[in-house]
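Geometric and topological summary
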Amino acid sequence: MSLRNLLFGAGIACVAALACRPADCQIGFSSQSLMADMRNVASVVRDYYRKEGSLPASTADCDRLLAVLYKRTSRFDPSQPMPMPSSAGVFRVLDRFRVVYDTSIDQKSNLDLVWRRTPPSSWNGTAGSIGIVSNGEKRFLVFGIGENGEPLRSENGQAIYNIYDFESDEGEGERLF
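Now for a look at the structure at hand. (Residues numbered from 1 in each chain as written. Predicted model: local features only at pLDDT ≥ 70, side-chain atom pairs only at ≥ 80, totals over all residues. Heavy atoms only, no water.)

Points about the overall build of the chain
Within the chain, the secondary structure is distributed over four helices and seven strands. A total of 177 residues make up the chain; the buried ones form 40% of that total. In the chain, the share of contacts with a sequence separation of at least 24, taken over all contacts with a separation of at least 6, comes to 61%. When the accessible surface of the chain is split by element, carbon and sulfur atoms take 54% of a total near 9,900 Å². (Helix = DSSP H or I, 4+ residues; strand = E, 2+ residues; numbered from the N terminus. Buried < 20%, exposed > 50% of the residue type's maximum accessible area, 1.4 Å probe, protein only. Contact = heavy atoms within 4.5 Å. Areas by Shrake-Rupley, 256 points an atom, 1.4 Å probe, with all protein chains shown as cover.)

Looking at the environment of G89
Mapped onto the elements, G89 comes out in the loop between β1 (86–88) and β2 (91–94). C-alpha separation for the pair G89 and W123, spaced 34 residues apart in sequence, amounts to 9.7 Å.

Some remarks on the nonpolar core
Among the nonpolar cores identified, the biggest contains 26 residues, and I132, F140 and V142 are the most heavily contacted of them. Other than its neighbours up to four places away in sequence, F140 contacts A42, V45, R46, L55, I105, I132, V133, S134, N162, I163, Y164 and F166. Counting 14 residues, the second largest nonpolar core, distinct from the first, contains W123, I145, Y161 and I163. (Core = buried A, V, L, I, M, F, W, Y, C linked by side-chain atoms within 4.5 Å.)

Observations concerning helix α3 (residues 59–71)
Taking 1.5 Å of rise per residue, 13 residues should cover 18 Å, and α3 covers 18 Å from first to last C-alpha, within 8% of that figure. Every buried residue belonging to α3 is among D61, C62, D63, L65, L66, L69 and Y70, and all of these are buried. (Expected span 1.5 Å × (residues − 1).)

Points about the pairing of strand β4 (residues 130–134)
Of all five residues in β4, five are buried, a share of seventy percent or more. Of the two faces of β4, the one holding I130, I132 and S134 and the one holding G131 and V133 are both buried throughout. With five bridges joining them, strand β3 (residues 97–101) and β4 adopt parallel strand pairing. Within the sheet, the bridge partner assigned to R98 lies in β4 and is G131. Where the polypeptide runs from β3 across helix α4 (residues 108–117) and back to β4, its parallel neighbour, the crossover connection is right-handed. Here five bridges tie β4 to strand β5 (residues 139–144), and the two strands are oriented antiparallel to one another. Directly across from I132, in β5, lies its bridge partner V142. Counting the residues between successive antiparallel strands, the hairpin from β4 to β5 contains four residues, one of them, G136, with a positive phi of roughly 80°. (Pairing = 2+ DSSP bridges. Right-handed = clockwise from strand over helix to strand, strands pointing away.)

Some details on α4
Those residues of α4 that sit buried are N110, L111 and W115. The buried residues of α4 occupy an angular sector of 85° when projected down its axis, which confines them to one face. In α4, those exposed residues whose orientation departs by more than 90 degrees from the buried face are K108 and R117. (Arc of directions from axis to C-beta.)

A word on the packing of aromatic side chains
For any pair of aromatic rings, the description consists of the separation of the ring centres together with the inter-plane angle of the planes. Applying the stated criterion to the full structure yields eight aromatic pairs. Of the aromatic side chains, those joined through ring pairs into one cluster are F91, W115, W123, F143 and Y161. Between the NZ or CZ atom of R98 and the centre of the ring of F91, over which it lies, the distance is 4.6 Å. (Phe/Tyr/Trp six-rings, centres within 6.5 Å; stacked < 30°, edge-to-face > 60°. Lys NZ or Arg CZ within 6 Å of the ring centre and 35° of its normal.)

Have a look at this one:
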């Protein structure tokens with residue numbers, strides 16, 4: 001290995017080490033895969049909205065969406081009894097999916113400022129889980145839980161979540177943070 005290659009490699013290692021702290025920065029293969037899963041989940045939720053005419057606004061609605069999501073996983077076996085959703089804090093949970101009805105997603109300051117810096121503590125959980133927050137009408141938010149049990153964060157430390165709004169100018173618009 002030449003001295004030039006050694007210095008170049010050391011420089012990349014230093015940049016990578018200083019770019020973000022491991023607890024704050026979870027960009028990598030597993031995070032990218034989780035982000036792809038978040039988009040797939042959002043697609044299922046959009047289909048749910050089209051079929052039901054609204055988003056989950058009750059425990060029964062949340063459980064119905066969880067069942068739809070679970071049936072799309074590789075663990076679903078139609079010959080076996082369907083597992084029952086349970087409660088984990090404010091969320092209804094089934095497998096790796098978490099759903100909650102929460103109208104505070106209608107507050108622009110929560111979406112654009114507060115939650116980007118400090119997501120609600122209820123958004124913590126098992127690594128690889130995907131959370132859905134519904135306003136019960138036409139807006140929902142999807143977030144993923146990283147390896148540290150907290151919401152995924154960007155390199156600048158802000159929470160990553162997708163917002164879907166059926167009333168936006170773009171129709172079924174998506175805003176990624």
